[in-house]
Amino acid sequence: MGDRMTTDRYAKLDITMNIHCINEFSPLLQEGVELSVQTGGTLADLLGDQLALDREYISSRITTVFIDSRPVDDMKTARINNGATIALSGAMPGLVGATMRSGGFYAALRGGISYVADTDTNTDRQGRVRIKLFNLLLSEVGPVLLQHGVFIPAVRLRDFFRSRTDNFWSGCIEVSLNGTAVERSRLTEDDYLTPYDDVCLSVTFREQP
Amino acid sequence: MDKIARIDMGALGGPKVTEEPVGEYAGLGGRAVTSLMVAKEVHPLAHPLGAENKLVIAPGMLSGSTGSMTGRLSVGCKSPLTGTIKESNAGGQAAQVLARIGYAAIVLEGKPQGDDLYKIIVSAAGITVEVDNSLKLLDNYPLIEKLRTQYGDKVAYMSIGSAGERQLYAASIACTDPELRPTRHCGRGGVGAVMGSKRVKAIILDDTGMKMRPPKDPEKFRDANRKFVEGLRKHPVTGEGLPAYGTNVLTNVLNEAGGYPTRNFKTGVFEGSAKLSGEAQAELEIKRGGSATHGCHRGCVIQCSGIFNDKDGNYVTKQPEYETVWSHGGHCGIDDLDVVARLDYMDDNFGVDTIDMGVTIGVAMDAGLIPFGDSEGAIRLMEEVGKGTPLGRILGCGAEITGKVFAVEKVPVVKGQALPAYDPRPIQGIGVTYATTTQGADHTAGYCIATNILKVGGDVDPLKVDGQVELSRNLQIATAAIDSTGMCLFIAFAILDQPETFQALLDMLNAFYGTELTGDGVVELGKKVLSAERDFNTRAGFTKHHDRLPRFFYTDPIAPHNQVFSVPDEELDQLYNW
């Protein structure tokens, strides 16, 4: 993941959005965002304890999981290291979709790339992981990650804001940078976010009257 | 569905129609009818474009009924692309209408002399075959528009575009969807070329005056269908994922797994995949006033398709499938959904298989005709196919021929048919199916059809690292059976996970036919179909040495997992031992 994983040069950006704009963040979430988490524990604990996702939800909806491109069959034994990339998906169609399913009947068809738990995992350290969300989980888990706070390279975040249409901006209720309210139009300016390496983006969704 | 129509296109004095009772094919449908008939009646050494080949068109067992997901139409013949037996199926309205008219199969035989082009009109009054040279070299969209002015909107159409008329080996047969667009294709294996060789441009299916096919036990059928639909709706794949994103929901996951073949299978990860993903596609479709949820035929409850509009809100094409987005996208290094959609439209319009065409363009890129990522170049190559130029004819005959003509060493085909969108090196199990299927490389030949419930081949440890051959065998048997019912393959997920939904499917079949089909009976049907296909291929000269992937899959590791295909030949050779 490189130096970006440990930099302290980040800004804190808080946005309040109309709840109907959740899907606007899909491009960021499917390519992945970084979270500061306690590493060394299991993926099940990361999702259940640190991100406070319901355990029943995790087992029933997050049915396709990758750690560093390797399909995971058991989230309770898969351990998360600093710098890991985790991809979470709902159930997938197709034989290969079924093949990738966690602990699925056809897992043997991709046996050569399946995740094998790392025995040398360092425990209880603060680190960063990159989480990608796909399909149904974008709108279901996306708000949880965004509320938790996600780290995004400033240039990428600026480009993301520049790619948003009126639907996004009309749903953007409040913006503050490092605790100070700012005009939302500033987010797309060349030199507003980019002096920082990273931006810690937190998004709160609410019903807009 | 108690009769079979045979149309001898080469009869003296012009095409001759005869009808016969359904006979030994009673109670069968789809792939069972097409493959058993081709295996029995077509000389295995016949030239696929010659008079000896036959084109068998068969609806599914429940097509034309009120049952859900029953609208697949099978087309079978000896394939010009692979030289093997071929079954290619599609959605759309054709199966439902043909079944309601009462035909278990229509068989095109012989080959006419001369250049006349024919259309066939099938209705309750019978079958007529007419010369219509005004249709010559029309592509599918303008062809259907022209036919609609004469036959209206209450019929279904099957047709070939210019590629089929030119008998290009990647040519498809189009079936119209509920909006009468020629978007649903029997795509694989060059079945459109066989229809073109018979000089049949279009088949008009008119079920005016016909009712839904009645089940033997209407009440039981209605109850089973209700449970079946409930099962589909409550399953996260068929009830949520597919309706929301379509099959292209797979792009992100395959890319994440390192199994997304990129730039002619050079790596397993495409940097532009997020721009091509089903999630991005659905968002774009909705924003532009199209739709991310659409059924290819009436009676579909999954609704995995959609409508893709351009930036001005004008219709471009139906929602391209995952395999299409891959073949024209990542396989060619292209990350623009608008380009993919335009190419998909051209595929449908000219009437060519989207997988084979996309793979062929990627092979042409590898040959240096145009660079990888050249969107405009890809469109220009497709235009060559539409124009029927010498280059276009080469490209339209698929990846294998294009690779030979341009001296490309690494051409991803098995038995002449292009590999679909799943790299067999990280996902070895699908490589087993690609190598051994009777159809040439085909991801749908071994689908996830509830082998766990059917117990095909007994219990298999799901986490066993080896055993891919056993799994593939079981999947191919089960898939052959489901293909024979004419049910959409996407029911697989619900019946895989929900035994009660699988039972509901059996109950539908039994209530309809008054039979007592069990899971074992389904397995036996699958074995019967596969055995007939395998036997045909053997008589056509295919041996175990054809059941192999191209050599580069054994020698060139693919990133990020740096694996090669490593299933031993001896294991592949065990697939048909049952």
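Bear in mind the structure is a predicted one, so any value in this text is a computation, not a measurement.

Conventions and cut-offs
- Residues numbered from 1 in each chain as written.
- Chains lettered and ligands numbered in written order.
- Predicted model: local features only at pLDDT ≥ 70, side-chain atom pairs only at ≥ 80, totals over all residues.
- Heavy atoms only, no water.
- Helix = DSSP H or I, 4+ residues; strand = E, 2+ residues; numbered from the N terminus.
- Rg over C-alpha atoms; globule rule 2.2 N^0.38 Å.
- Buried < 20%, exposed > 50% of the residue type's maximum accessible area, 1.4 Å probe, protein only.
- Contact = heavy atoms within 4.5 Å.
- Areas by Shrake-Rupley, 256 points an atom, 1.4 Å probe, with all protein chains shown as cover.
- Lys, Arg positive; Asp, Glu negative; His and termini not counted.
- Charge placed at Lys NZ, Arg CZ, Asp CG, Glu CD.
- pLDDT = per-residue confidence, 0-100.
- Expected span 1.5 Å × (residues − 1).
- Pairing = 2+ DSSP bridges.
- Axes fitted to C-alpha atoms, helices over the stretch in contact; angles between N-to-C directions.

Description of the overall build of chain A
Line of reasoning, step 1. Looking only at helices and strands, one finds eight helices and 10 strands in chain A.
Line of reasoning, step 2. Computed over its C-alpha atoms, the radius of gyration of chain A comes to 18 Å, within 12% of the 17 Å expected for a compact globule of 209 residues.
Line of reasoning, step 3. Overall, the C-alpha framework of chain A stretches about 55 × 35 × 25 Å when taken along its three principal axes.
Line of reasoning, step 4. Here chain A holds 209 residues, and the buried ones make up 58% of them.
Line of reasoning, step 5. Residue pairs at least 24 apart in sequence account for 82% of intrachain contacts in chain A once pairs closer than 6 positions are excluded.
Line of reasoning, step 6. About 8400 Å² of surface is accessible on chain A, with carbon and sulfur atoms providing 44% of the total.
Line of reasoning, step 7. Averaging the positions of the 21 positive and the 27 negative side-chain charges in chain A gives two centres separated by 3 Å.

Section: the overall build of chain B
Line of reasoning, step 1. Counting secondary structure elements, chain B contains 24 helices and 17 strands.
Line of reasoning, step 2. Its C-alpha radius of gyration of 22 Å places chain B within 12% of the 25 Å reference for a compact globule of 578 residues.
Line of reasoning, step 3. Viewed in the frame of its principal axes, chain B has a C-alpha envelope of about 60 × 55 × 50 Å.
Line of reasoning, step 4. Burial statistics for chain B: of 578 residues in total, 67% are counted as buried.
Line of reasoning, step 5. Long-range pairs, those at least 24 residues apart, make up 70% of the contacts in chain B between residues at least 6 apart in sequence.
Line of reasoning, step 6. As presented, chain B carries roughly 18200 Å² of accessible surface, and 51% of it is formed by carbon and sulfur atoms.
Line of reasoning, step 7. Across chain B, the 58 positively charged side chains and the 71 negatively charged ones have centroids separated by 4 Å.

Some thoughts on the confidence of the model for chain B
Line of reasoning, step 1. The share of residues in chain B with pLDDT of 70 or more is 97%, and the mean pLDDT across the chain is 94.
Line of reasoning, step 2. Two numbers describe this predicted complex: its pTM, 0.94, and its ipTM, 0.91.

Overview of helix α1 (residues 30–41) of chain B
Along an α-helix, residues three or four positions apart point the same way, because every turn accommodates 3.6 residues.
All names here are of chain B.
Line of reasoning, step 1. Taking 1.5 Å of rise per residue, 12 residues should cover 16 Å, and α1 covers 17 Å from first to last C-alpha, within 8% of that figure.
Line of reasoning, step 2. Counted residue by residue, α1 has 10 buried out of 12 residues, so it is predominantly covered.
Line of reasoning, step 3. All of the buried residues in α1 are G30, R31, A32, V33, T34, S35, L36, M37, V38 and A39.

Observations regarding unusual backbone geometry
Residues and elements named next belong to chain B.
Line of reasoning, step 1. Each neighbour pair has its own omega, and for A559 with P560 the value is 5 degrees, a cis peptide bond.
Line of reasoning, step 2. With respect to the secondary-structure elements, P560 resides in the loop between α23 (552–555) and α24 (569–572).
Line of reasoning, step 3. Backbone geometry at M69 places phi at a positive 65 degrees, although glycine is not the residue there.
Line of reasoning, step 4. Residue position: M69 is located in the loop between β3 (55–59) and β4 (73–78).

As for the sheet that holds strand β14 (residues 305–309) of chain B
Residue and element names in this part refer to chain B.
Line of reasoning, step 1. Reading across from one edge, β13-β14-β15 is the order of the three strands in this open sheet, with antiparallel pairing throughout. Of all the strands in the sheet, just β13 (291–294) and β15 (315–318) have a single pairing partner and so form its edges. Neighbouring strand axes in the sheet, compared pairwise and without regard to direction, differ in orientation by 30 degrees on average.
Line of reasoning, step 2. Across the sheet, helix α10 (residues 278–287) touches β13 and β14, and the angle it forms with β13 is around 100 degrees.
Line of reasoning, step 3. Along the sheet face, helix α12 (residues 337–350) touches β14 and β15 and points at about 70 degrees away from the line of β15.

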